[in-house]
Amino acid sequence: MSKDIIRLRPIGADETEAAVGVLARGMRDNPGHVAAFGPDPETRQRCLDLMFRGLFRVAGQRETVGAFDGETLVGVAASAPPGECRLRVGQQARAAATMINIGPRRLLRVLAWQSAWGRQHPDWPHHHFGPIAVDRGRQGQGIGSLIMNEFADRWDRTAEPAYLETDKSENVAFYRRHGFTVIGEAPVLGRPNWFLRRPGLSTAH
Ligand SMILES: CC(C)(COP(=O)(O)OP(=O)(O)OC[C@H]1O[C@@H](n2cnc3c(N)ncnc32)[C@H](O)[C@@H]1OP(=O)(O)O)[C@@H](O)C(=O)NCCC(=O)NCCS
């Protein structure tokens, strides 16, 4: 189906289940998730399901965009506005509680991964972009670009910078096309990760 009929709108509270499903399926095979959750695809999808369920439960302040093909959600992205990207202690505890069923070793790997990302986290104000995923089987059809254009328009209107992390080199090319540049690279759980920034139009950063 053509991307011309994909519609973008915020994800409603009653659509969380569908959004979690798209994120878990779409991100199942990312290298970081293989490192964190292991070689079995079904296990990875179950762990990601729990992880994103926890995130949606606690991170209500995030701006969401869903890409809909008719009534079907096919792409999801979220972004946190400046100053709101770090979860507060209580929120971290609630997210961890939702994830407890992934098992202690996997949970420890998630904490190590989050802490490695935390060490790269910029101290300048930014929109913290992510997660973004297009459903498996719908990737490479322009849906992710539609979502990125929507966020880029918002950031350009406020002239504020954006920041994101990624664990896939293919995604670096994708984000570069949407105005991001790589500002850092570091291994996370033994896999290369890239840290990218998109400048605000009229700020010093
Ligand atoms: C990354 C992602 C959101 C891009 O959305 P998309 O709809 O597939 O991308 P588009 O069709 O708009 O653009 C295609 C470009 O995206 C990049 N890309 C990254 N992963 C891709 C994939 N699995 N399939 C196709 N393109 C992919 C390529 O640079 C591609 O450019 P090319 O066609 O010149 O090779 C989507 O592929 C996805 O969900 N990937 C898995 C989850 C993920 O990595 N999320 C981001 C974590 S930081």
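Reference entry: report on the structure contained in this document. Bear in mind that the values here come from a model prediction, so they are computed numbers and not experimental data.

## Thoughts on the packing of helix α3 (residues 41-58) against helix α4 (residues 89-99)
- Where α3 contacts α4, the axes come no closer than 8 Å and their chain directions differ by 150°. Taken together, α3 and α4 sit at an angle that is classed as roughly antiparallel. α4 is crossed by α3, and the crossing has right-handed handedness. Residues Leu50, Met51, Arg53, Gly54, Arg57 and Val58 of α3 form the contact with α4, whose own contacting residues are Gln91, Arg94, Ala95, Thr98 and Met99.
- Residues that form the contact of α3 with α4 fall into these classes: five nonpolar, three polar and three charged.

## A few points about the side chain of Asp135
- Summarising the element assignment, Asp135 is placed in the loop between β4 (127-134) and α6 (143-158).
- According to the relative accessible area criterion, Asp135 is buried, its value standing at 11%.
- With residues up to four places along the chain from it excluded, the contact list for Asp135 reads Val22, Arg25, Leu73 and Val74.

## Some points on the environment of Arg157
- With respect to the secondary-structure elements, Arg157 resides in helix α6.
- It is 8.6 Å that separates the C-alpha atoms of Arg157 and Leu201, two residues lying 44 residues apart in sequence.

## Observations concerning the site of the ligand
- Taken together, 21 residues sit near the ligand, with Gly140, Gly142, Gly144, Ser145 and Arg177 positioned nearest.
- Within the backbone of Gly140, one N or O atom sits 2.7 Å away from an oxygen atom of the ligand.
- Considering the ligand on its own, with 840 Å² of exposed area, one finds that the protein chains cover 75% of that surface.
- Elements represented by at least two residues in the shell around the ligand include exactly β4, α6, β5 (162-166) and α7 (169-177).
- For the shell around the ligand, the element with the most residues is α7, which contributes five residues.
- Within the shell around the ligand, the residues separate by chemical class into seven nonpolar, 10 polar and four charged.

Conventions adopted
- Residues numbered from 1 in each chain as written.
- Predicted model: local features only at pLDDT ≥ 70, side-chain atom pairs only at ≥ 80, totals over all residues.
- Heavy atoms only, no water.
- Axes fitted to C-alpha atoms, helices over the stretch in contact; angles between N-to-C directions.
- Helix = DSSP H or I, 4+ residues; strand = E, 2+ residues; numbered from the N terminus.
- Parallel < 35°, antiparallel > 145°, perpendicular 65-115°, else oblique.
- Left-handed = near helix turned anticlockwise from the far one by under 90°.
- Contact = heavy atoms within 4.5 Å.
- Nonpolar A, V, L, I, M, F, W, Y, C, P; charged D, E, K, R; others polar.
- Buried < 20%, exposed > 50% of the residue type's maximum accessible area, 1.4 Å probe, protein only.
- Near = heavy atom within 4 Å.
- Polar contact = N/O pair within 3.5 Å; in protein donor to acceptor, adjacent residues only side chain to side chain.
- Areas by Shrake-Rupley, 256 points an atom, 1.4 Å probe, with all protein chains shown as cover.

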